[in-house]
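Letter by letter, the chains look like this.
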Amino acid sequence: MLEIKNLSASIQDKPILDGLSLCVHAGEVAAIMGPNGSGKSTLAYVIAGKPDYEVKSGEIFLDGENLLELEPNERALKGVFLAFQYPTEIPGVGAMTFLKAALNAQRRARGESDLTTPDFMRRVREAAHALKVDQEMLRRPLNVGFSGGEKKRFEVLQMALLAPRVGVLDETDSGLDIDALRIVAAGVNALRDANRAFLVITHYQRLLDHIKPDVVHVMSKGRIVATGGPELALELERNGYRDYAEEVV
Amino acid sequence: MAAVQETVDRVRSIDVDAYKYGFVSPIESDLAPKGLSEDTVRFISEKKGEPEWLLEWRLEAFRRWRTMEEPTWARVTYPPIDYQAIYYFAAPKSGPAPKSLDEIDPELLRTYAKLGIPLIEQEILAGVERPRVAVDAVFDSVSIATTFKAELAKAGVIFCSFSEAVRNHPELVRRYLGTVVPATDNFYATLNSAVFSDGSFVYVPPGVRCPMELSTYFRINERNTGQFERTLIIADKGAYVSYLEGCTAPKRDENQLHAAVVELITLDDAEIKYSTVQNWYPGDSQGRGGIYNFVTKRGDCRGARSKISWTQVETGSAITWKYPSCILRGEASRGEFYSIAISNGHQQVDSGTKMIHLGRNTTSRIISKGVAAGKSQNTYRGQVSAHRLATGTRNFTNCDSLLIGHECGAHTVPYIEAKNSSAVIEHEATTSKVSEEQMFYCLQRGLSAEEATALIVNGFVRDVLQQLPMEFAVEAQKLISISLEGSVG
């Protein structure tokens, strides 16, 4: 479903991704692990199309379509969702207003009509309840004054409402205490579906205790250097990334 | 029956107006000669059948104006204006009027469509030469206006054109005209005093809360009065009125120079809330054409505990030179200024306010949001001063600027002057850019670049939008999105 071929990318002329190839199938949860600076977040941004990154070579196909030829919002409309590691604050724009704008933009792109307000409210309430996001938080400006945990829960709330083809979670566990981690993981698990794929980027094994991956990829110096089952994550937890870091030197 | 007679008269006067637009041969004697002299001033005053005192007042202004120089301190540039090349009364069109909407700039039509303006109104706004349509439409608005006037009359509120006020309420006009913006005030205001065409007059008697929001939309006689408009609003003791000026629809106008004057007066415990949406033609994508808006707006809180509040949404005009101000004379009076100034393309905005604290325990609040996009320049210029005797003065100023793109500029020029030690004057200012992070975040959720910009900007100006009357706010929000179109790559 998501196929990345020989992807190289740099930021400000500094090469980060170096011929990365990766395949994620529908219904699969793939974990991407790796040491700091291995290019995990860059991979997430390049898939989503962040303008700061320059793609030097390679292709990213989603359902056979090359994402690299699409604008960031077009990619979103094709079903790419990025749960940000550091969600951006937008002062003055209510979280609800933002949700509605995003949801309706995606519905219009599919040729559907805008949601009525009661219908929208019902959907938000349901999703918010599952993620223990309270109504007061939804009335605040987007991400302004949200705690780290609130920001991450709101990212997953957006993902639940937008129902993407592929969800890319960029270190969603960072800054979460164990209770928040459970809530967020339960939210992601509820979205697992035979037609949907997840790319779960994380530094630590602990998130994978709650979101069980089907495949684990290890990244180092801008490439995938090892691929295995869930046991690979446990091995990394014991031995660290040293072995893999050295392998590609 | 009075209403019927009024309607008939109105339509007749419209037909006369229509001659000026040239679809029947123009009556030469109705045109003042090009250029400005004492004769022009006399001509205007005579055509309007004004009393001697008003003619004298105009002439004095004119003599004064001849000794004045055009101000150059604002951060705006434009080629020199030849004041002798302007028609000061019943200006004929510079070219033939369009015969149908097919001849109108499609950009303008697209904007009308987005604002949801009915076709007939589009034709009127665009100045299409179709007397029947115009007359029908005026029939409509005459009947609306008549009902509206009856309501107001019941409450004792006077709301009419300035010329009518001179005829029917000369004592009120004479008592208040020029007492807030003197005829000698500044180059443009003095010019206006000499040659003003028409405008609005409002008087709200003591203790009356005006039963509805007054809007220039309901004021007939609107055509061709825009250039040198004169507005005078008086709220007598304990009165309240909310006045809406302007229209979200961009109006086609042959006159490039606009120099209006607005004077507001509140007596004890009175309040005036004055809201403006200004969306005049900003010029084309190359910066050609467009209105020069050099307007003087000032309110005088003459009475104790009175209040004047200015709210403005400025998106139009090639050049805006505008500082709606408050003179806080009455004890414990209050002035407010809420502004959204959006500039795009080649627009230049130099706008802000003055809060002149003269009375004791006077308070003022300034919230200004400037948004600059394209190649535009957007300046906030504000003055807060506390007089020696104005003890207990309090002011809070917050002016934020938002930049979109890297070819525009935002500038903040505050002047603060406190002549007594008890004054508390706070000034906050920020300048920020629509960050790439914010844009990317919105795009990643599926919003287009334009939707994202509109969302972020509407968030930025929200505090001020909330000050507008509800229906105006909704329109203003739409207008903001439209005026920022094309500002993002």
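The structure this text deals with has already been given above.
From a predicted model like this one, the values you see are computed outputs, not experimental measurements.

Conventions we followed
Residues numbered from 1 in each chain as written. Chains lettered and ligands numbered in written order. Predicted model: local features only at pLDDT ≥ 70, side-chain atom pairs only at ≥ 80, totals over all residues. Pairing = 2+ DSSP bridges. Helix = DSSP H or I, 4+ residues; strand = E, 2+ residues; numbered from the N terminus. Axes fitted to C-alpha atoms, helices over the stretch in contact; angles between N-to-C directions. Contact = placed C-beta atoms within 7 Å. Nonpolar A, V, L, I, M, F, W, Y, C, P; charged D, E, K, R; others polar. Expected span 1.5 Å × (residues − 1). Buried ≥ 20, exposed ≤ 12 C-beta atoms within 10 Å, placed from the backbone. Parallel < 35°, antiparallel > 145°, perpendicular 65-115°, else oblique. Left-handed = near helix turned anticlockwise from the far one by under 90°. Core = buried A, V, L, I, M, F, W, Y, C linked by C-beta atoms within 7 Å. Arc of directions from axis to C-beta.

Novice: Where do I start with the sheet that holds strand E11 (residues 215-220) of chain A in this structure?
Specialist: Sheet strands pair via backbone hydrogen bonds, and the direction of the pair is either parallel or antiparallel. Residues and elements named next belong to chain A. Read from one edge of the open sheet, six strands run E6-E9-E10-E3-E11-E12, paired in mixed fashion. With partners counted over all chains shown, the strands left at the sheet margins are strand E6 (80-83) and strand E12 (223-228), one partner each. Taking the axes of each pair of neighbouring strands and ignoring which way they run, one obtains an average angle of 20° across the sheet. With four bridges connecting them, E6 and strand E9 (residues 166-170) associate as parallel partners. Across the sheet, the residue bridging to Phe 81 is Gly 167, located in E9. Packing against the sheet, helix H9 (residues 230-239) makes contact with strand E3 (29-33), E11 and E12, and its axis sits at approximately 45° to E11.

Novice: I'm lost on the interface of chain B and chain A in this one. Help?
Specialist: When the parts of a complex come together, some accessible area is lost, and that lost area is often used as the size of the interface. In this assembly, 17 residues from chain B lie in contact with 22 residues from chain A. For the side of chain B that touches chain A, the per-class residue count stands at seven nonpolar, five polar and five charged.

Novice: Please explain helix H11 (residues 449-460) of chain B as it appears in this structure.
Specialist: All names here are of chain B. In a regular helix each residue adds 1.5 Å, so twelve residues correspond to 16 Å; H11 covers 16 Å between its end C-alpha atoms and thus fits that length. For H11, the tally of buried residues reaches nine of twelve residues, placing the bulk of the element in the interior. Within the span of H11, buried status applies to Ala 452, Thr 453, Ala 454, Leu 455, Ile 456, Val 457, Asn 458, Gly 459 and Phe 460.

Novice: When you look at the environment of Lys5(A) in this model, what are you seeing that I'm missing?
Specialist: Residues and elements named next belong to chain A. When you line up the elements, Lys 5 lands in strand E1 (residues 2-11). With 54 residues separating them in the primary sequence, Lys 5 and Glu 59 have C-alpha atoms 5.2 Å apart. Excluding anything up to four places from it in sequence, Lys 5 contacts Ser 21, Gly 58 and Glu 59.

Novice: Would you explain the environment of Gln312(B) in this entry?
Specialist: Residue and element names in this part refer to chain B. Here Gln 312 is to be found in strand E10 (residues 307-314). In this structure Gln 312 comes out as buried when scored by C-beta crowding, with 27 C-beta atoms within 10 Å. Through-space distance from the C-alpha of Gln 312 to that of Phe 337 is 8.1 Å; in sequence the pair is 25 residues apart. In contact with Gln 312, other than residues within four places in its own chain, are Thr 276, Gln 278, Pro 324 and Ser 339.

Novice: Can you help me understand the packing of helix H2 (residues 38-47) of chain B against helix H3 (residues 52-66) of chain B in this one?
Specialist: Packed helices, taken two at a time, are described by the angle between their axes plus the distance between the axes. Residues and elements named next belong to chain B. Running from amino to carboxyl end, H2 crosses H3 at an angle of 155°, the nearest separation of the two axes being 10 Å. Put simply, H2 runs roughly antiparallel to H3. Taken as a pair, H2 and H3 cross one another with a handedness that is right-handed. In this structure, H2 uses Glu 38, Val 41, Arg 42 and Ser 45 to contact H3, whose residues at the interface are Leu 54, Leu 55, Arg 58, Leu 59 and Phe 62.

Novice: Explain the nonpolar core to me, please; I cannot follow it from the model alone.
Specialist: Soluble, globular proteins show a tendency: their nonpolar side chains are buried together. Residues Val168(A), Val200(A), Val202(B) and Val241(B) are the most contacted members of the largest nonpolar core, which totals 184 residues. For Val202(B), the residues in contact, after removing those within four places along its chain, are Ile158(B), Phe159(B), Leu214(B), Ile233(B), Ile234(B), Val241(B) and Tyr243(B).

Novice: What is the right way to read the packing of helix H10 (residues 436-444) of chain B against H11(B) from this model?
Specialist: Residue and element names in this part refer to chain B. Relative orientation of the contacting elements H10 and H11 amounts to 120°, with a least axis distance of 9 Å. Taken together, the axis directions place H10 and H11 in an arrangement best described as oblique. Note that H10 runs across H11; the crossing there is right-handed. Between H10 and H11, the residues in contact are Gln 438, Met 439, Cys 442 and Leu 443 and Ala 449, Ala 452, Leu 455 and Ile 456, respectively.

Novice: Sorry, what's going on with the sheet that holds E1(A) here?
Specialist: All names here are of chain A. Strand order in this open sheet of four strands is E2-E1-E4-E5, and the pairing throughout is antiparallel. For this open sheet the edge positions go to strand E2 (14-24) and strand E5 (65-66), each flanked by a neighbour on one side alone. Pairing of E1 with strand E4 (residues 53-62), which is carried by eight bridges, proceeds in the antiparallel orientation. Of the residues in E4, the one forming a bridge with Ile 11 is Tyr 53.

Novice: When you look at helix H7 (residues 178-191) of chain A in this model, what are you seeing that I'm missing?
Specialist: Because each turn of an α-helix spans 3.6 residues, side chains separated by three or four positions end up pointing in the same direction. Residues and elements named next belong to chain A. With 14 residues, H7 ought to run about 20 Å at 1.5 Å a step, and its terminal C-alpha atoms sit 20 Å apart, in line with that. All buried positions along H7 are accounted for by Leu 181, Val 184, Ala 185, Gly 187 and Val 188. Looking down the long axis of H7, one finds its buried residues gathered within 155° of arc, a one-sided arrangement. In this structure, the buried side of H7 is in contact with helix H4 (117-130), helix H6 (148-162), E9, strand E10 (197-202) and helix H8 (206-210).

Novice: What am I meant to see in unusual backbone geometry here?
Specialist: Residues and elements named next belong to chain A. One non-glycine residue, Ala 163, lies in the positive phi region at around 45°. With respect to the helices, strands and loops of the structure, Ala 163 is situated in the loop between H6 and E9. Looking at Ala 163, the number of C-beta atoms within 10 Å reads 15, which means it is partly exposed.

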